[in-house]
Amino acid sequence: MKLKHITVLSLLGIVSLSSCNDFLDEPTSKTTAIEVTTADQLDALLGNIGNFYQVSNRTAIYSTDDYELNTELYDARPNTFSLAAVQYATWDIEGLQTDAREGFWSGEYKKIFYANMIFDYIGKVSGSEQQKTELIAEAHLIRAYSLMELANTFCLPYTGDNGNELGLPLKQSVSFEELSSRNSLAETYTLIESDLAAAAALTTPLMSGDRVRSWRANTGAYNAVNARYWLQRNDYEQALAFAEAALAEHNTLVDYNTEMRYGKEGKITINGTDPEKKEEVILEYPYTHDNQTDLSDMVGWKEFYYFRLLYHESWWYVPAQELLALYEENPYDLRYKYHIVEHFSYDRGMTDPSYDYPGYVFFYKDRIPEGPTVAEMYLIKAECLARENNVTEAMQALNTLRRARIESAHYTDETASTKEEALRKILNERRREMPFSRRWEDIRRYNHNEDPNDDVELTRSFYPYTTAAVLSGEAPVEYKLNKDSRRWATPLPYTELVSSNGDILQNTY
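Conventions and cut-offs
- What you see as residue numbers is a count from 1 along each chain, following the sequence as written.
- In keeping with the model being predicted, local features are shown solely for residues with a pLDDT of at least 70 and side-chain atom pairs are shown and tallied solely at 80 or more, while totals for entire chains, interfaces and linings include all residues.
- Note that water and hydrogens are dropped before the side-chain values are worked out from all heavy atoms of the structure.
- The way it works is that DSSP assigns letters per residue, a run of H or I at least four long becomes a helix, a run of E at least two long becomes a strand, and they are numbered from the N terminus.
- The globule rule used here is 2.2 Å times the number of residues to the 0.38 power, and the radius of gyration it is set against is calculated over C-alpha atoms.
- A simple rule labels every residue: compare its accessible area, found with a 1.4 Å probe on the protein chains alone, to the largest value its type can have, and call it buried under 20%, exposed over 50%, or partly exposed in between.
- Contacts were defined at the residue level, with two residues in contact if any of their heavy atoms lie within 4.5 Å.
- Residue burial considers only the protein chains on display, and all accessible areas are found by Shrake-Rupley using a 1.4 Å probe.
- The positive count covers Lys and Arg only, the negative count covers Asp and Glu only, and His and the chain ends enter neither.
- Charged groups are reduced to one reference atom each: NZ for lysine, CZ for arginine, CG for aspartic acid, CD for glutamic acid.
- Residue-level confidence of the predictor, termed pLDDT, takes values from 0 up to 100.
- Expected span of a helix, by definition, is 1.5 Å for each gap between consecutive residues, and there is one gap fewer than residues.
- In the analysis that follows, any N or O atom pair within 3.5 Å is treated as a polar contact, provided that within protein one partner can donate a hydrogen and the other can accept it, and provided that, for residues neighboring in sequence, both atoms belong to side chains.
- Only buried Ala, Val, Leu, Ile, Met, Phe, Trp, Tyr and Cys residues count toward a nonpolar core, and they belong to the same one when joined by side-chain atoms within 4.5 Å.
- Lines fitted to the C-alpha atoms define the axes, with helices restricted to the stretch that makes contact. Angles between their N-to-C directions range from 0 to 180 degrees.
- Throughout, the term roughly parallel applies to angles under 35 degrees, roughly antiparallel to angles over 145, roughly perpendicular to angles from 65 to 115, and oblique to all others.
- Working rule for handedness: look at the near helix, and if it is turned counterclockwise from the far one by less than a right angle, call the crossing left-handed; if clockwise, right-handed.
- Put simply, Ala, Val, Leu, Ile, Met, Phe, Trp, Tyr, Cys and Pro go in the nonpolar bin, Asp, Glu, Lys and Arg in the charged bin, and everything else, Gly too, in the polar bin.
- Salt bridges are defined as contacts in which a side-chain nitrogen from Lys or Arg sits within 4 Å of a carboxyl oxygen from Asp or Glu.
- Aromatic pairs are defined between Phe, Tyr and Trp rings, using the six-membered ring for Trp, whenever the two ring centres lie within 6.5 Å; interplanar angles under 30 degrees are classed as stacked, those over 60 as edge-to-face, and all others as tilted.
- By this definition, two strands are paired if DSSP reports at least two bridges between them.
- Each patch is built from residues lacking any salt bridge and having more than 30% relative accessible area; the joining distance is 9 Å for like charges and 5 Å for nonpolar side chains (Val, Leu, Ile, Met, Phe, Trp, Tyr).

1. A word on the overall build of the protein chain
Looking only at helices and strands, the protein chain features 19 helices and 11 strands. The C-alpha radius of gyration of the protein chain comes to 23 Å, within 12% of the 23 Å expected for a compact globule of 509 residues. With the C-alpha coordinates aligned to their principal axes, the bounding extent of the protein chain is approximately 70 × 55 × 50 Å. Put simply, the protein chain has 509 residues, and 58% of those count as buried. In the protein chain, 71% of the contacts between residues at least 6 apart in sequence involve partners at least 24 apart. Of the roughly 20,500 Å² of accessible surface on the protein chain, a fraction of 45% belongs to carbon and sulfur atoms. Charge-centre separation for the protein chain: the mean point of 50 positive side chains lies 2 Å from the mean point of 79 negative side chains.

Structure representation (C-alpha cells):
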C-alpha cells in the first residue's frame, strides 16, 4: 500500500503542536536516527500537523454539482483543465485507475499507519498511563477519520443491507506481513464505529484558554466527528446528540459582519496583445488568502473542532452556476462577498483573450475547510431536527448560523411551515456553507436514505475524450451519474492493485 518506505525516522517530526500556545512556533528537531522509547516521542508524532491536516480528495473537488466544467469554459483555455479533472467531473472509470497523480488513497493510509504506530509502540515506551491513554484515544480518532474519508470515496454507500460489498483493506498494525486484501463493507464500518467508540476516552478539551486547539484530537473533535458519521449513516437521533454535545463545548461562530476583511489583492492585466482592449483587473481575496505557507491563520479559524483542509493542486475551485445561484438568492449573503472571487479565471491564465469566471477561495487558493466546524454542527442539528419534524427548533438552529453570515442591516430569519420546506432550506444552506468538501458525501446519503425528495442525480454536458485527450472538435455528449449507479464508489488506483500482488480488488461496475 505504498507504506513500505515509511520509517520511524520520517515520522517524528518537523513541527510539533503538542504543547504549543503559539500554534506553529515550536518545531521539534530533525534527526537521522531515532529509537522510539518514550510516550513523548509518540506525542511528537501526532503533534506534527503536516502529517495529518491535508486531504487531497479530487473526487470531492471535481465530481459533484458544485464544480463547473462545460465546453465554453474548457475552450477558453484547455490547458487549465487536466485530463484527470475531466475524468473525475464525468465519473470516468477506466482512465482514473491509471491516474499517476492520485494521492488521496496513499495519503490517508499514511495517517492510518501513524495511528497504528501508536498501538504498536505504546506498550513498549515509558510515560504516564494518562498520557498513554490519551495517545491511544487520539490514534483511534485519526484512524476512524481516515477510514471514513476513504470509505465515502472508494466504497459504495453503506445501507446496512449491502454489507458483503467490498470495503477497505483494514490495516491495524505496521506489519508488512498483515494481509492487504479488502475487507467487507460491514467490517469496514464496524472498525470505524469501534474506533469512534474508543476515542471517547479523550479528555483533552478543545479550548485551551481562549484558543481553539483543533490541530490535535480533543473532546470537541470526538463529538463533532461522531455527529458527522451518524449523519452519514442517516441516524438522526445519534447525530443530533453528538452535534449538541459539540456545540455545548464550543459554539462560537465567525461573524462575517465584523470579523472578515479583504487582504491581498491580485492585479492582473488582460487582453495584453490588444491595445484597445488592454485593461487591469483587481481581484479581491479574503484576508486568509495571504497565508499560503503560514498555517497559523488557518489553524486559528475559531470554528474548527478538528483541523483538516481539502487541498486542490490546481488552485481553482470552480463554482457551478447552480451553486452561484444559491448564493445569489440573497444579495446580502456575505459568503458570496468573501469567498466568491470574481474574475478568478484571470488568475488561472484566461487573460488573452480574456474569459471571465469566478472562483471559490477560503484560505489560500488551494485550501478550504474539510474538518468539522461549528457551522457544520448547527447544520447537522438543524437537519436532524427537521427530519424528525421539529421544524421550529430546526429553523432556530439554522438561523443561528445565518445571523453570522448575512449582512446584519438586511437580515431576516428564515421560516418554514412544513418539514419539506425546512429541509430544502437547510440542505441549500449546507451547500452555501460547505461547497466541495461535503457535497459528495451529502449526495451519497441523500440517495440512500428513506426520503426520495432529496435525491440527486448528476448530469454534465461535455466533450467526449479518450485516455489521452479531450476530443474538443466533436459534439458534446451527456454524462450522467444515476442515484443507483455503482460509480458512487471511485475506482481504486491501479498502482495499489499491482503493489498488493492482486490481493486488493478493483470495484465492480
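2. Structural notes on the confidence of the model for the protein chain
Predicted confidence across the protein chain gives a mean pLDDT of 92, with 93% of residues reaching 70 or more. Across residues 1-32, confidence stays below pLDDT 50; counting only partners more than four residues off in sequence or on other chains, it has 82 contacts.

3. Thoughts on the environment of V456
Along the chain, V456 falls in the loop between α18 (439-446) and β10 (458-462). The class for V456 is buried, based on a relative accessible area of 13%. A sequence separation of 27 residues divides V456 from K483, and the C-alpha atoms of the two residues are 6.7 Å apart.

4. What about helix α9 (residues 219-232)?
Look at α9: 20 Å from first C-alpha to last across 14 residues, which is about the 20 Å you get at 1.5 Å a residue. Counting buried residues in α9 gives 14 out of 14 residues, a clear majority hidden from the surface. Here α9 starts with a cap whose side-chain oxygen sits 2.9 Å from the backbone nitrogen of G220, and that cap is N218. Where α9 terminates, the next one or two residues include N234, which has phi positive at roughly 60 degrees.

5. Describing the nonpolar core
Judged by nonpolar contacts, the single largest core of 87 residues is most densely connected at L141, L168 and M377. Examining the composition of this core, we find that 12 residues originate from one element, helix α7 (residues 129-154), more than from any other. Leaving out residues up to four positions away in the same chain, L141 has contacts with L196, A199, L202, A217, A221, Y222, V225 and Y306. Within the second largest apolar cluster, 70 residues are counted, among which are Y88, L310, Y357 and L458.

6. Remarks on the packing of helix α16 (residues 391-402) against helix α17 (residues 419-433)
At a minimum axis distance of 10 Å, the contact between α16 and α17 shows a crossing angle of 25 degrees. Between α16 and α17, the angle is such that the two are roughly parallel. Remark: the crossing between α16 and α17 carries left-handed chirality. Side by side, α16 and α17 meet where V391, A394, M395, L398, L401 and R402 of the first sit next to K419, A422, K425, I426, E429 and E433 of the second. Residues belonging to the contact of α16 with α17 are distributed by class as follows: 7 nonpolar, no polar and 5 charged.

7. What about the pattern of salt bridges?
Tallied over the full model, the rule gives 40 salt bridges. Of the charged contacts, one joins R403 and D413 as a salt bridge, the two residues approaching to 3.1 Å between their closest N and O atoms. In this pair, R403 is assigned in the loop between α16 and α17 and D413 in the loop between α16 and α17, connecting sequence segments 10 residues apart. E433 is paired through a salt bridge with R405; the nearest N and O atoms lie 2.9 Å apart. With a gap of 28 residues between them, E433 in helix α17 and R405 in the loop between α16 and α17 connect regions that are remote in the sequence. The exposure class of E433 is buried, given its relative accessible area of 10%. Through salt bridges that share partners, E303, E329, D333, R335, R402, R405, E429, R432 and E433 make up one connected network.

8. A few points about the packing of aromatic side chains
Across all of its chains, the model carries 33 aromatic pairs by this definition. Measuring from centroid to centroid gives 4.8 Å for W440 and W488, while their planes differ by 40 degrees, and the two rings are tilted. Taken together, the residues span a long stretch of sequence, with W440 in helix α18 and W488 in the loop between β11 (477-481) and α19 (494-499) at a distance of 48 residues. For W440, a relative accessible area of 3% translates into the label buried. Where Y465 meets Y479, the ring centres are 6.0 Å apart and the plane angle is 20 degrees; that geometry is what we call stacked. Placement of the pair is Y465 in the loop between β10 and β11 and Y479 in strand β11, with a sequence separation of 14 residues. There is no split in this pair, since Y465 and Y479 are both buried.

9. Comments concerning the sheet that holds strand β6 (residues 309-311)
If you walk across this open sheet you meet the 3 strands as β1-β6-β9, and the pairing is mixed. Every interior strand has two partners, whereas the edge strands, β1 (54-55) and β9 (367-369), have only one.

10. Points about a negative patch on the surface
On the surface, a cluster of negative charge is made up of E265, E284, E328, E342 and D356. Mapped onto the elements, E284 comes out in strand β5 (residues 279-286).

11. Some thoughts on the pairing of β10
Alternating positions in β10 separate cleanly, L458, R460 and F462 being buried on one face and T459 and S461 remaining unburied on the opposite face. Looking at chain direction, β10 and β11 are connected through 5 bridges and run antiparallel. Paired with F462 across the strands is V477, a residue of β11.

12. What about α16?
For α16, built from 12 residues, the straight-helix expectation of 16 Å at 1.5 Å per residue is met to within 8% by its first-to-last C-alpha distance of 16 Å. Considered for burial, the residues of α16 that qualify are V391, A394, M395, A397, L398, N399, L401 and R402. Looking at the buried side of α16, the elements it contacts are α15 (374-387) and α17.

13. Remarks on the side chain of N271
Topologically, N271 is positioned in the loop between β4 (262-270) and β5. A distance of 3.0 Å separates a polar side-chain atom of N271 from the backbone nitrogen of S354. Residues in contact with N271, not counting those within four places in the same chain, are K277, K278, T351, D352, P353 and S354.

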